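# Examination of the molecular architecture
Okay, here's what each chain looks like letter by letter:
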Amino acid sequence: RTCKKEPTVKIKTKNIDIMSTKLEIELDNPDNINIENYRYIVYNKELQIISEENLENSTITLEKPDPSETYIIKVLGNYDIGDGEGNQIDKEIGNTKFIVPSLSSLGYVRANLETKDITSEEANLLVTLDLEKTDYRLIYLMSKFEINIVNENNTIFNYTIENDELEKIKNGEQIQINING
């Protein structure tokens, strides 16, 4: 044989999740060709670069990928297989596509509302999240929680739980909401 076999990679998805995605890169380089600038690039479906790094180890982790997005990962490098063509620059060694599951695949946020001290003028609600029936990833991703109540006159009461109150219910604590009018 006058030239060496080109290196290839297998890209395996170890964990695809809306929180993070882990990919494993398996390099097959039987002739131990020196690969320089060995790296990966992750693109979204519009071919915008999402992540690009040198490959230092065999595991790649993408934090908080967009749900329902299709991604393309390419592994590239520079090498010479001794075929007389010289050094191959930015040669694609392998690629694959993967899709991050949609947020809706996690189900719904489940809350418990309990009425307390109801009069004709006001009511108090006690609100807790049902941590057993709500996927922990949804709880982690929540930035606010909105409550909308309609009475018999179609008067709407809106209340948004956020900041400190949101952190309390995310931790399983109960909060009280006062409705006037």
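Residues numbered from 1 in each chain as written. Predicted model: local features only at pLDDT ≥ 70, side-chain atom pairs only at ≥ 80, totals over all residues. Heavy atoms only, no water.

## Re the nonpolar core
Ile25, Tyr38, Ile60, Ile73 and Val75 are the most contacted members of the largest nonpolar core, which has 24 residues in total. Elements with a contribution of two residues or more to this core: strand S1 (8-16), strand S2 (20-28), strand S3 (36-44), strand S5 (59-63), strand S6 (70-79) and strand S7 (88-99). Of the residues forming this core, the biggest block, four residues, is contributed by S6. Discounting chain neighbours no more than four positions away, the residues touching Val75 are Val9, Ile11, Ile25, Tyr38, Arg39, Tyr40, Leu55, Lys91, Glu92, Ile93 and Gly94. Residues Ile139, Met142, Ile147 and Ile175 belong to the second largest nonpolar core, which totals 14 residues. (Core = buried A, V, L, I, M, F, W, Y, C linked by side-chain atoms within 4.5 Å. Buried < 20%, exposed > 50% of the residue type's maximum accessible area, 1.4 Å probe, protein only. Helix = DSSP H or I, 4+ residues; strand = E, 2+ residues; numbered from the N terminus. Contact = heavy atoms within 4.5 Å.)

## Observations concerning the side chain of Glu69
With respect to the helices, strands and loops of the structure, Glu69 is situated in the loop between S5 and S6. For Glu69, a relative accessible area of 10% corresponds to the buried category. If we skip the residues at most four places from it in the chain, Glu69 touches Asn44, Lys45, Glu46, Phe98, Ile99 and Val100.

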